[in-house]
Amino acid sequence: MEAIVYPPYNNCEPKPLTDVQKRILEVKKERNAVILAHNYVCREIQEVADYVGDSLGLSREAKNTDADVIAFAGVDFMAETAKILNPEKTVVLPDHAAGCSLEELCEPMELALFKKKHPDAIVISYINCSAGVKELSDIICTSGNALDIVKQIPADRKIIFCPDQHLGSWIVEQTGRDMILWNGYCWAHTKYQADDLVALKKAFNGAPVVSHPECPKPVRDVSDCVCSTEKMIKFCREHPSDKFIIATVVEMIHRFQREIPDKTFIAARSSRGLAQHCRNMLMNTPEKLLACLENLSPEIKLSKEQMDAARRPIEKMLEMSK
Ligand code: 13P
């Protein structure tokens with residue numbers, strides 16, 4: 001299998017803005033909108049966004065923005081979080097169908113029944129879940145603060161951690177504390193293979209392997225650093241190596257190339273030799289971003305009761321991860 005190598009940024013010159021990108025910037029100004037984009041969206045959207053980052057950074061930006069409109073280039077649970085933190089603002093996303101496998105694998109009704117079996121447990125939910133699951137949770141976390149949040153919970157409290165079993169088991173390994181794990185998983189991150197990472201590391205003279213905690217344990221075990229997408233940027237910037245093997249959604253490499261232009265990034269592969277994309281994040285196209293800014297649709301709409309209930313665990317997360 002051939003390695004998928006992303007050369008230094010200098011070798012892949014930035015392109016001039018397209019007409020659609022230029023129009024996005026104009027309409028954004030007319031609407032007094034802010035564009036928040038996750039690290040996994042396509043390069044063309046990353047280039048016109050006001051902020052590109054991980055789920056934690058995006059939640060903080062959403063809370064602090066004074067724009068009238070938030071255009072969220074990401075998936076529905078991220079846009080919902082922005083709306084819950086800003087009920088008075090218009091929050092639009094390019095494609096309402098952009099969801100998340102983790103969200104689909106944890107239905108609010110199932111969680112409500114599960115909670116009844118463990119009435120004394122505190123529920124910590126990964127932000128990759130629906131507003132309905134957030135309502136039923138005590139604290140939300142992201143991959144960037146999950147470890148820190150769990151460490152703040154008294155040792156004698158029982159914890160239900162949902163919906164990502166891999167992020168949950170990584171925290172169990174790191175903290176040594178027992179948690180009741182939901183069995184959800186991310187469709188893209190579970191495709192990486194430990195053997196592939198070992199082979200790539202050998203082929204690239206011991207280049208550090210950087211993986212996301214949504215990866216299964218065998219992948220995490222052969223990684224030099226397991227962290228959120230934002231922390232990956234810091235790790236690769238500060239590490240003396242000039243090459244890194246990256247086990248997360250491949251669009252993330254645009255950010256590496258923009259911010260760390262003198263280093264090389266090698267994408268980890270599935271058993272079919274493919275780099276991994278997030279099919280939901282790819283539903284965000286520049287054309288759909290422009291249309292949602294122009295039409296202010298699709299818009300996130302949630303009831304006041306649901307937003308009030310779901311805001312509590314999100315605010316708790318923000319308080320606990322200052
Ligand atoms: P972070 O960007 O917060 O690390 O999370 C990525 C993600 O949602 C993977 O599914």
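Structure's up top.
Residues numbered from 1 in each chain as written. Predicted model: local features only at pLDDT ≥ 70, side-chain atom pairs only at ≥ 80, totals over all residues. Heavy atoms only, no water.

1. Brief notes about the environment of Asp54
Our working rule: To qualify as a helix, a DSSP run of H or I must reach at least 4 residues; to qualify as a strand, a run of E must reach at least 2; elements of each kind are numbered from the N terminus. In this analysis, two residues are considered to be in contact whenever any of their non-hydrogen atoms come within 4.5 Å of each other.
With respect to the helices and strands, Asp54 occurs in the loop between strand S3 (51-53) and helix H3 (55-64). When the C-alpha atoms of Asp54 and Ala37 are compared, they prove to be 8.7 Å apart, with 17 residues separating the residues in sequence. When neighbours within four sequence positions are excluded, Asp54 is seen to be in contact with His38, Asn39, Ser228, Thr229 and Glu230.

2. Focus: the side chain of Glu251
Rules: Think of it in three bands: residues with accessible area under 20% of the maximum for their type are buried, residues over 50% are exposed, and the middle band is partly exposed, with areas taken using a 1.4 Å probe on protein chains only. Counted charges follow a simple rule, with Lys and Arg positive, Asp and Glu negative, and His plus the chain ends left uncounted. Salt bridge, as used here: a side-chain nitrogen of Lys or Arg that lies within 4 Å of a carboxyl oxygen of Asp or Glu.
Here Glu251 lies in the loop between strand S12 (243-247) and helix H13 (252-259). Here Glu251 is buried and forms no salt bridge, its nearest opposite-charge partner Arg43 lying at an N-O distance of 11 Å. Sequence-distant contacts of Glu251, that is, excluding residues within four places in its chain, are made with Asn39, Tyr40, Val41, Cys42, Gln46, Gln276, His277 and Leu282.

3. So, unusual backbone geometry
A cis amide bond links Cys162 with the next residue in sequence, Pro163, at an omega value of -10°. At Asn205, a residue that is not glycine, the phi angle is positive and equals roughly 50°. Here Asn205 is to be found in the loop between helix H10 (194-203) and strand S10 (209-211). Positive phi values are uncommon outside glycine, yet Leu296 reaches one of about 50°. Inspection of the secondary structure assignment puts Leu296 in the loop between helix H14 (286-295) and helix H15 (304-320). Taking the relative accessible area as the measure of exposure, Leu296 reaches 24% and is therefore partly exposed.

4. So, the site of the ligand
Keep this limit in mind: Near residues are defined by distance, with any heavy atom within 4 Å of the molecule or strand qualifying the residue. Here a polar contact is taken to be a pair of N or O atoms separated by no more than 3.5 Å, where protein atoms must pair a possible hydrogen donor with a possible acceptor and residues adjacent in sequence count only if both atoms sit in side chains. Charged residues are taken to be Asp, Glu, Lys and Arg, nonpolar residues to be Ala, Val, Leu, Ile, Met, Phe, Trp, Tyr, Cys and Pro, and polar residues to be all remaining types, Gly included.
In the vicinity of the ligand, the contacting residues are His38, Tyr40, Asp54, Ser55, Tyr126, Asn128, Ser143, His189, His212, Glu214, Ser228 and Thr229. Within the side chain of His38, a nitrogen or oxygen atom sits 2.7 Å from an oxygen atom of the ligand. Between the ligand and His212 there is a distance of 2.8 Å, counted from an oxygen atom to a side-chain nitrogen or oxygen. Taken together, the residues that form the shell around the ligand break down as two nonpolar, eight polar and two charged.

5. Section: the pairing of strand S8 (residues 159-162)
Basically, it comes down to this: Following DSSP output, two strands are said to pair if at least two bridges run between them. By convention, a crossover is right-handed whenever its connection, traced from the first strand over the helix to the second and viewed with the strands pointing away, goes clockwise.
On S8, burial covers both faces: Ile159 and Phe161 on one face and Ile160 and Cys162 on the other are all buried. Sheet analysis places S8 next to strand S9 (residues 180-181), joined by two bridges and oriented parallel. Among the inter-strand pairings, Ile160 is bridged to a residue of S9, identified as Ile180. Taken together, S8, helix H9 (residues 165-175) and S9 form a β-α-β motif whose crossover is right-handed.

6. A few points about the pattern of salt bridges
All told, the structure shown has 21 salt bridges when counted by the stated rule. Where Lys243 meets Asp242, a salt bridge forms, and the shortest distance between an N and an O atom there is 3.9 Å. The class of Asp242 is partly exposed, set by a relative accessible area of 44%. As a salt-bridge pair, Lys301 and Glu299 come within 3.2 Å of each other at their nearest N and O atoms. Owing to a relative accessible area of 26%, Glu299 belongs among the partly exposed residues under this scheme. Taken together, the shared-partner salt bridges connect Arg23, Glu26, Glu30 and Glu294 into one network.

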